[in-house]
Amino acid sequence: MKSSIDNIAVIGIGVIGTGWIIRFLYNQKKIKVYDPNIEQKNNLLKEIKRVEPTLKKIYKKKINLSKQLEFSKSLKLSLIHISEPTRRYAMSYAVFCLK
């Protein structure tokens, strides 16, 4: 059964946020991502490239980063759900479903 949630926002691209983003990509979701640390964007892209050969075999799907992944410069998102924070630093991680 296909989920009715197709658009997701992830705030914080640490270890956990990166894991969620990769799972969402391979489940054909569109994701808006925000992290105030610009280096996290590069870390995310490196991790996607690292795991892509294995996940293509597992999911039997390809991802399209240009259509599925968008990096946001602000937190101006239309949010309807928040998960638990996982970091004690200035930026906590959260996953949202977008309206």
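Everything numeric in this text was worked out from a predicted model, so none of it was measured. (Residues numbered from 1 in each chain as written. Predicted model: local features only at pLDDT ≥ 70, side-chain atom pairs only at ≥ 80, totals over all residues. Heavy atoms only, no water.)

With that out of the way, let us pick up the packing of aromatic side chains. Within this structure, the stated rule accounts for two aromatic pairs. Geometrically, the ring pair formed by W20 and F24 is stacked, given 5.5 Å between the ring centres and 25° between the ring planes. Placement of the pair is W20 and F24 together in helix α1 (residues 15–26), with a separation of four residues, close to one helical turn. Looking at F24, the relative accessible area reads 15%, which means it is buried. Ring plane angle 25° and centroid distance 5.3 Å describe the contact between Y26 and Y59, whose orientation is recorded as stacked. In this pair, Y26 is assigned in helix α1 and Y59 in helix α2 (residues 38–59), connecting sequence segments 33 residues apart. Overall, Y59 belongs to the partly exposed group, its relative accessible area being 27%. (Phe/Tyr/Trp six-rings, centres within 6.5 Å; stacked < 30°, edge-to-face > 60°. Helix = DSSP H or I, 4+ residues; strand = E, 2+ residues; numbered from the N terminus. Buried < 20%, exposed > 50% of the residue type's maximum accessible area, 1.4 Å probe, protein only.)

Residue placement: Q40 occurs in helix α2. In this structure the side chain of Q40 is engaged in a polar contact, spanning 3.0 Å, whose partner is the side chain of N43. The residues contacting Q40, other than those within four sequence positions of it, are I13, G14 and D35. (Polar contact = N/O pair within 3.5 Å; in protein donor to acceptor, adjacent residues only side chain to side chain. Contact = heavy atoms within 4.5 Å.)

Glancing now at the confidence of the model for the chain. Of all residues in the chain, 73% attain a pLDDT of 70 or more, and the chain-wide mean is 80. Note on residues 80–84: pLDDT under 50 across the span, and 12 contacts to partners over four residues away in sequence or across chains. Counting contacts from residues 86–92, a segment whose pLDDT is below 50, to residues more than four positions away or on other chains yields 14 contacts. (pLDDT = per-residue confidence, 0-100.)

Right, let's talk about a nonpolar patch on the surface for a bit. On the surface, V15, I16 and W20 cluster together into a nonpolar patch covering about 320 Å² of accessible area. Take V15: its relative accessible area is 79%, and that puts it in the exposed class. (Patch = residues over 30% accessible without salt bridge, like charges linked within 9 Å, V, L, I, M, F, W, Y side chains within 5 Å. Areas by Shrake-Rupley, 256 points an atom, 1.4 Å probe, with all protein chains shown as cover. Salt bridge = Lys/Arg side-chain N within 4 Å of Asp/Glu carboxyl O.)

In this section: the pairing of strand β2 (residues 30–34). Pairing of strand β1 (residues 7–11) with β2, which is carried by five bridges, proceeds in the parallel orientation. Residue pairing across strands places A9 opposite K32, the latter belonging to β2. Following the backbone out of β1, through α1 and into the adjacent parallel β2, one traces a crossover that is right-handed. Examined bridge by bridge, β2 and strand β3 (residues 69–71) share three bridges and lie parallel to one another. Within β3, the residue paired with K32 across the bridge is E70. (Pairing = 2+ DSSP bridges. Right-handed = clockwise from strand over helix to strand, strands pointing away.)

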